[in-house]
Amino acid sequence: MNTIYQAVEEMLKKKHHNNTSVASNGAFSVACDRPEQMIEMVKEAIAEQELVPGSDFFFVLDCLATEFHSEVAPGQGSAKKGQAQSNSRHRYDWIEGQLKPTEDLCDFLESLVENESIVALVDPLHHEDVEGYEALSKKLGSKCLLFSRSATPHSANVFRLHTTISHSIGELQSQDRAATILEAAVYEEGETLLADLALVSGCGFVMFGGFRGVRSGLYNRMSKLSQKKGPLKNVLSSWGFREDPPEEDVPAQEE
């Protein structure tokens, strides 16, 4: 992962140095013309590293839909030609200046998942858009996991540490940990205990941020622990993304 991060950083310095900033969690912020352009940048950056998306690594998109969400009266807003107005009060502006209903955003996300090596979406819709989450879940099926930071129905959890370690461990034990993201919040920076908790609990994903400053300590700690523990289980294999179950051969019956 550090190889990918460094490759992206070098490419952005060369090609997008005037339009790039780095967030407090180490994530790159780049001015893009299209939402999917950042995925294309990552794929371009690692092309020389002989890493293949969908084989050597997968994408998990943190959509932060709340940041481009608005509410309107049901039936208002634009609609595609030949289609009726959406009855949803939720609208999304993921393309600048175009306020689209939930259905359009779900179609867009479905096309991304179909065409890119995306295995999970974090906050793809506003947490109150429960009907949207249900529709998106039906569209994507087993192709992609949905995560929400607000315990939205039809989605899995993004977990952050609570006030005490014992309380946090207790909550983790009650969840489907293979389908849980353990996230490092801003106030947890430098707490390498998160790496221990991720391995001990068996969380399927971690979201620690970029390889910068104190956050790199989390990845270093996970690397050391995993070397002691041995090979880690690939949770993606247990979900069976993009794979249909093999058909069993039925022996022919003799007449």
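It should be noted that the structure appears before, not after, this text.
None of these values were measured; they are calculated from a predicted model. (Residues numbered from 1 in each chain as written. Predicted model: local features only at pLDDT ≥ 70, side-chain atom pairs only at ≥ 80, totals over all residues. Heavy atoms only, no water.)

Attention now goes to the sheet that holds strand β11 (residues 205–207). Remark on secondary structure: sheet strands pair via backbone hydrogen bonds, oriented parallel or antiparallel. Pairing is parallel in the open sheet, where six strands are placed in the order β3-β7-β8-β9-β10-β11. A single partner strand is all that each edge strand has here, and the edge strands are β3 (59–62) and β11. Sheet twist, expressed as the mean angle between neighbouring strand axes with direction ignored, is 25°. Summarising the sheet, strand β10 (residues 180–183) and β11 pair through three bridges and their orientation is parallel. Across the sheet, E183 pairs through a bridge with M207, a residue of β11. (Pairing = 2+ DSSP bridges. Helix = DSSP H or I, 4+ residues; strand = E, 2+ residues; numbered from the N terminus. Axes fitted to C-alpha atoms, helices over the stretch in contact; angles between N-to-C directions.)

Turning our attention to the packing of aromatic side chains. For the coordinates displayed, the defined rule picks out eight aromatic pairs. Residues Y5 and F28 carry aromatic rings whose centres are separated by 4.8 Å and whose planes lie at 25° to one another, so their mutual orientation is stacked. Placement of Y5 in helix α1 (residues 2–15) and of F28 in strand β2 (residues 28–30) is noted, with a sequence separation of 23 residues between them. Comparing Y5 with F28 shows no difference in burial state: the two are buried. Taken together, the ring pairs connect Y5, F28, F208, F211 and Y219 into an aromatic cluster. (Phe/Tyr/Trp six-rings, centres within 6.5 Å; stacked < 30°, edge-to-face > 60°. Buried < 20%, exposed > 50% of the residue type's maximum accessible area, 1.4 Å probe, protein only.)

Here we take up a nonpolar patch on the surface. Where nonpolar side chains cluster on the molecular surface, the patch consists of I165, I169 and L193 and spans about 220 Å² of accessible area. Within the element layout of this structure, I169 appears in helix α5 (residues 165–173). When its relative accessible area of 34% is taken as the criterion, I169 is described as partly exposed. (Patch = residues over 30% accessible without salt bridge, like charges linked within 9 Å, V, L, I, M, F, W, Y side chains within 5 Å. Areas by Shrake-Rupley, 256 points an atom, 1.4 Å probe, with all protein chains shown as cover. Salt bridge = Lys/Arg side-chain N within 4 Å of Asp/Glu carboxyl O.)

So, on to helix α3 (residues 102–115). Given 3.6 residues to a turn, an α-helix orients residues that are three or four positions apart in the same direction. Given a rise of 1.5 Å per residue, 14 residues ought to cover 20 Å, and the 20 Å separating the end C-alpha atoms of α3 matches this to within 8%. Listed as buried for α3 are T102, D104, L105, C106, F108, L109, L112 and V113. Against β3, β5 (90–95), β6 (98–101), β7 (118–122) and α4 (130–140) lie the buried residues of α3. (Expected span 1.5 Å × (residues − 1). Contact = heavy atoms within 4.5 Å.)

Although it is not a glycine, A151 sits at a positive phi angle of roughly 50°. You can see A151 is positioned in the loop between β8 (145–148) and β9 (156–159). Take A151: its relative accessible area is 59%, and that puts it in the exposed class. A positive phi is found at H154, a non-glycine position, where the angle reads about 70°. With respect to the helices, strands and loops of the structure, H154 is situated in the loop between β8 and β9.

Orientation of α3 relative to α4, taken along the N-to-C sense of each, is 30°, at an axis distance of 10 Å. Of the possible angle classes, the one that applies to α3 and α4 is roughly parallel. Here the hand of the crossing between α3 and α4 comes out right-handed. Where α3 approaches α4, its residues T102, C106, D107, L109, E110 and V113 are matched on the opposing element by G132, L136, K139 and L140. Taken together, the residues that form the contact of α3 with α4 break down as five nonpolar, two polar and three charged. (Parallel < 35°, antiparallel > 145°, perpendicular 65-115°, else oblique. Left-handed = near helix turned anticlockwise from the far one by under 90°. Nonpolar A, V, L, I, M, F, W, Y, C, P; charged D, E, K, R; others polar.)

Now for the packing of α1 against helix α2 (residues 37–45). Pairs of packed helices are described in terms of their axes, by the angle between the two and the distance that separates them. Between α1 and α2, the shortest axis-to-axis distance is 8 Å and the interhelical angle comes to 105°. In terms of orientation, α1 and α2 fall into the roughly perpendicular class. On α2, the residues touching I4, A7, V8, M11, L12 and K15 of α1 are M38, M41, V42, E44 and A45. Residues belonging to the contact of α1 with α2 are distributed by class as follows: nine nonpolar, no polar and two charged.

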